[in-house]
Amino acid sequence: MKKGYFFIINSKSKKARKIWNAVKEILAAEGVPYRSFFTEGKGHAQKLAETVHSIHGEQAEAIITVGGDGTIHEVINGLHKKDIPVGFLPCGSGNDIMRGLGIRKKERLDLLIKHLLSSRTNVRKIDVGCLQSAGIGRFQRRFVSVAGIGFDGEVTKLTNASWYKDWLQRFGLGGLAYTISTMRLLFTYRPVDVMVKVDGRTHEFTSVWLIAAGNLPYYGGGMKICPSALPYDGKLDICIVHNLSPLHLLFLFLTVFYGRHTNKKGVTMLTGTNLSIVSHTPLTVQADGEVIGSTPVDCSVLPSMLTIKM
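The rules behind these values
- Residues numbered from 1 in each chain as written.
- Predicted model: local features only at pLDDT ≥ 70, side-chain atom pairs only at ≥ 80, totals over all residues.
- Heavy atoms only, no water.
- Axes fitted to C-alpha atoms, helices over the stretch in contact; angles between N-to-C directions.
- Helix = DSSP H or I, 4+ residues; strand = E, 2+ residues; numbered from the N terminus.
- Left-handed = near helix turned anticlockwise from the far one by under 90°.
- Contact = heavy atoms within 4.5 Å.
- Nonpolar A, V, L, I, M, F, W, Y, C, P; charged D, E, K, R; others polar.
- Core = buried A, V, L, I, M, F, W, Y, C linked by side-chain atoms within 4.5 Å.
- Buried < 20%, exposed > 50% of the residue type's maximum accessible area, 1.4 Å probe, protein only.
- Salt bridge = Lys/Arg side-chain N within 4 Å of Asp/Glu carboxyl O.
- Parallel < 35°, antiparallel > 145°, perpendicular 65-115°, else oblique.

A.B. asks: Hey, could you run me through the packing of helix H6 (residues 151-160) against helix H8 (residues 176-185) in this one?
C.D. replies: One can describe the packing of H6 onto H8 by two numbers: an axis separation of 9 Å at closest approach and a directional angle of 115°. For the pair H6 and H8, the sense of crossing is right-handed. Together, Phe151, Glu154, Val155, Leu158, Thr159 and Asn160 of H6 and Ala177, Tyr178, Ser181, Thr182, Arg184 and Leu185 of H8 make up the contact between the two elements. Taken together, the residues of the contact of H6 with H8 sort by class into 6 nonpolar, 4 polar and 2 charged.

Printed below as a string of structure tokens:
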């Protein structure tokens with residue numbers, strides 16, 4: 001069975017479509033065998049990843065996403081063969097997965113493509129996180145970067161529904177959309193008490209704003225919420241923000257972009273492999289910038305589950 005590169009393109013993104021048109025020319029000039037698949041809506045990238053491992057006698061050498069973190073999130077939830085590498089062409093508003101993996105965006109697209117397709121490209125296995133809930137609206141989802149519960153789940157929900165996210169993305173300012181949503185919600189969100197169990201040990205927190213479980217450091221368009229998180233250590237870094245006024249949270253927010261919040265008042269940092277979160281009030285859960293559901297939720301790490309091209 002011959003092999004080729006399979007590209008999954010987020011057709012909703014004008015930037016992704018523009019980049020894909022340039023990529024096609026490069027692939028044709030290099031004589032690279034490939035197939036392209038365009039998403040038709042939310043959830044379609046996952047369905048494509050479930051079915052395009054091999055098609056018409058051709059097997060995927062690698063699956064390359066042309067989109068943002070949401071496209072990557074869907075693909076890794078549809079990809080059941082962990083030995084098939086996944087590569088990334090960033091076209092999203094946040095691009096936190098690539099940022100967290102240390103994959104630098106090259107200035108020239110042709111060099112980036114040649115690097116991804118080169119046999120000398122570094123291929124490595126990384127951990128992924130897994131969220132699951134047996135409560136109302138049960139779900140099970142994998143994630144690459146960070147799962148956020150509470151305030152940042154609401155920020156993600158507001159951002160994804162906003163008019164300004166796509167508008168800002170046109171100017172390369174997509175990450176600013178999360179900042180705008182944060183400001184909009186800062187004085188109306190009501191923190192709640194939460195019970196957090198990490199590797200069997202129970203912690204109770206009052207007036208919790210958010211809980212972030214990081215496989216990578218970044219979320220929300222460059223916020224370094226879990227600065228020490230590594231995708232190959234078999235652990236999740238957990239950041240819990242609690243007992244702060246909105247003004248104190250605003251000050252803390254300014255330090256998160258540099259990862260300097262971890263020793264501030266109202267921030268508790270934990271690490272573990274299994275995490276359970278329970279609250280009397282359901283809290284919104286997001287992962288990789290996609291709204292997943294609500295608490296109660298269990299979160300765990302799946303070591304070396306994903307193969308990526310870097």
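A.B. asks: When you look at the nonpolar core in this model, what are you seeing that I'm missing?
C.D. replies: In globular proteins that are soluble, nonpolar side chains generally tend to be buried together. Leu131, Ile211, Ile225 and Val241 are the most contacted members of the largest nonpolar core, which totals 49 residues. Those residues in contact with Val241 that sit more than four places away from it in its chain are Ser207, Val208, Trp209, Leu210, Leu249, Leu252, Gly266 and Val267. With 27 residues, the next largest nonpolar core counts Ile8, Ala45, Val52 and Ile63 among its residues.

A.B. asks: Any chance you could explain the environment of Gly87 here in plain terms?
C.D. replies: In this structure, Gly87 sits in strand E5 (residues 86-90). When its relative accessible area of 0% is taken as the criterion, Gly87 is described as buried. For the pair Gly87 and Ile64, spaced 23 residues apart in sequence, the C-alpha separation works out to 4.5 Å. If near-sequence neighbours (up to four positions away) are discounted, Gly87 is found in contact with Ile63, Ile64, Thr65, Leu116 and Lys309.

A.B. asks: I tried to follow the pattern of salt bridges on my own but got confused; where do I start?
C.D. replies: Any two side chains of opposite charge can pair, given that their charged atoms come close. Under the criterion given, the structure shown has 4 salt bridges. A salt bridge links Lys42 to Glu290; the shortest N-O distance between them is 2.7 Å. Here Lys42, found in the loop between strand E2 (34-38) and helix H2 (44-51), pairs with Glu290, found in strand E17 (residues 290-294); they are 248 residues apart in sequence, far enough to count as distant. Owing to a relative accessible area of 70%, Lys42 belongs among the exposed residues under this scheme. Here Arg99 and Asp96 are joined by a salt bridge, their closest N and O atoms 2.6 Å apart. Linking Arg99 with Asp96, this pair stays in helix H4 (residues 96-101), spanning 3 residues, or about one helical turn. Classification of Asp96 as buried rests on a relative accessible area of 4%.

A.B. asks: How should I be thinking about the packing of helix H1 (residues 14-30) against helix H5 (residues 109-117) in this particular structure?
C.D. replies: Each packed pair of helices is defined by two parameters, the angle between the axes and the distance between the axes. Running from amino to carboxyl end, H1 crosses H5 at an angle of 60°, the nearest separation of the two axes being 10 Å. When the axes of H1 and H5 are compared, the pair comes out oblique. Of the two elements, H1 crosses H5, and the hand of that crossing is right-handed. Together, Ile19, Ala22, Val23, Ile26, Leu27 and Glu30 of H1 and Leu109, Asp110, Ile113, Lys114 and Leu117 of H5 make up the contact between the two elements. Tallied by class, residues from the contact of H1 with H5 come to 8 nonpolar, no polar and 3 charged.

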